[in-house]
2 protein chains.
Amino acid sequence: MTTDQLPTFDPRCPMSTFPVQIGGRWTAMIIQCLDRRPCRFGELRRHLSPVSAKVLSETLQSMEADGYLVRTETAEGVSYALTDLGGSLIPLIRAARTWASEHLDD
Amino acid sequence: MTTDQLPTFDPRCPMSTFPVQIGGRWTAMIIQCLDRRPCRFGELRRHLSPVSAKVLSETLQSMEADGYLVRTETAEGVSYALTDLGGSLIPLIRAARTWASEHLDD
DNA sequence: CGGAATCCCCATGGATACTG
DNA sequence: CAGTATCCATGGGGATTCCG
């Protein structure tokens, strides 16, 4: 019992900002979708329905700004794909899925 | 390529509600604190500073309502402790911590 | 198709003061 | 010590409309 110290809040502690970073309503689900393959905007919109176009657009933009995905404009249209950083969240999201399916049976 | 199906949004899909459940600004950090031992209100308040008393109180109440912790009133005062459900989140939170410390070096 | 613009609501979170 | 009571600012999220 040399130390009974609790972790003190520290703005630079990564965990303290984590909820803010990927706490968005759709962030985790978008990463899940893109895990399989790059997706088009409308494609994401359909599969994440009932998300609105505005919210999806904003979310995608902030995720791109944070380096979680890249937006690519091709001849056939616009496509979104995970970056390495975005992909590195997959195990965590999967763990969250597992936890949720085991404990949140509503 | 029998199925190229993306996961479709489903309100009953556990993952779709996960951000809402533990997406609170302080939820994860409270669980972290209580992992070591039960804590008093003022204790949590100090270590999570700058959280306000109101926000901490509200968060603790909703977490109790969701079954993540229990509030116990003893002779010496009030104490908060993790339930089994709350404790089951520890590995996930630790994984998030690890991920954050490796990728969010701001 | 892939958004941008606009308007709006309200839940989250915070500041301050007060209480048993 | 452990909160409650007010009040308030912010913005995340949504509905609708418009555009190249």
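Residues numbered from 1 in each chain as written. Chains lettered and ligands numbered in written order. Predicted model: local features only at pLDDT ≥ 70, side-chain atom pairs only at ≥ 80, totals over all residues. Heavy atoms only, no water.

Q: How should the protein's contact with DNA strand C be read in this particular structure?
A: For DNA strand C, the set of nearby residues contains 14 residues, the closest of which are Arg40, Ser57, Arg71 and Tyr80 of chain A together with Lys54 of chain B. Sugar and phosphate atoms form 59% of the subset of DNA strand C atoms that lie within 4 Å of the protein. One nitrogen or oxygen atom from the main chain of Gly42 of chain A is found 3.2 Å from a phosphate oxygen belonging to DNA strand C. For the surface near DNA strand C, the secondary-structure elements that each account for two or more residues are helix H3 (41–47), helix H4 (53–65) and strand E2 (78–82) of chain A together with helix H4 (53–65) of chain B. Per element, the largest residue contribution to the surface near DNA strand C is three residues, and it comes from H4 of chain A. (Near = heavy atom within 4 Å. Polar contact = N/O pair within 3.5 Å; in protein donor to acceptor, adjacent residues only side chain to side chain. Helix = DSSP H or I, 4+ residues; strand = E, 2+ residues; numbered from the N terminus.)

Q: Please explain the side chain of Glu43 of chain A as it appears in this structure.
A: Looking at where Glu43 of chain A falls in the secondary structure, it is placed in helix H3. Of note is the side chain of Glu43 of chain A, whose polar atom sits 2.9 Å from the backbone nitrogen of Arg40 of chain A.

Q: Which parts of the structure should I look at to understand empty space enclosed by the protein?
A: Vacant regions in the atomic arrangement are exposed by a probe of water-molecule size rolled over the atoms. What the rule picks out here adds up to one cavity of 30 Å³ or more. Taken as a whole, the largest cavity holds about 270 Å³ of empty space. Along the wall of the largest cavity there are 18 residues; nearest its centre are Phe18, Ile22 and Ala96 of chain A together with Phe18 and Ile22 of chain B. A breakdown of the residues in the lining of the largest cavity according to their chemical character gives 16 nonpolar, two polar and no charged. (1 Å grid on protein atoms, 1.4 Å probe; cavity = no way out; pocket = protein on both sides within 12 Å on 5 of 7 lines; lining within 4 Å. Points joined across faces, edges and corners; volume = space filled by probe spheres on them. Nonpolar A, V, L, I, M, F, W, Y, C, P; charged D, E, K, R; others polar.)

Q: Looking at this structure, I do not really get the interface of chain A and chain B. What am I missing?
A: Facing the 45 residues of chain A at the interface are 45 residues of chain B. Summed over both partners, the interface of chain A with chain B comes to about 4100 Å²; 70% of that surface belongs to carbon and sulfur atoms. Applying the counting criterion to the chain A and chain B interface returns zero salt bridges. Connecting chain A to chain B are two residue pairs in polar contact (both at pLDDT 80 or more). (Contact = heavy atoms within 4.5 Å. Buried area = accessible area lost by both parts, 1.4 Å probe. Salt bridge = Lys/Arg side-chain N within 4 Å of Asp/Glu carboxyl O.)

Q: Honestly, the relation of the copies chain A and chain B in this entry has me stumped. Any pointers?
A: One copy of the chain maps onto the other through a rotation about an axis plus a displacement along that axis. Once chain A has been moved 0.0 Å along the axis and rotated by 180°, it coincides with chain B to within an RMSD of 0.0 Å. Those values place the two copies in the arrangement expected of a two-fold rotation axis. Closest to the rotation axis within chain A is the C-alpha of Gly23 of chain A, separated from it by 2.7 Å. Here 100% of the contact residues of chain A are again contact residues in chain B; the copies associate through an equivalent surface. (Least-squares fit on C-alpha atoms with pLDDT ≥ 70 in both.)

Q: Even after reading the chapter, I still don't get the packing of aromatic side chains, so can you show me in this structure?
A: Each aromatic ring pair is characterised by the separation of its centres together with the angle its planes make. Scanning all chains against the criterion turns up zero aromatic pairs over all chains. If you follow Arg25 of chain A out to its NZ or CZ, it ends over the ring of Trp26 of chain A, 4.8 Å from the centre. (Phe/Tyr/Trp six-rings, centres within 6.5 Å; stacked < 30°, edge-to-face > 60°. Lys NZ or Arg CZ within 6 Å of the ring centre and 35° of its normal.)

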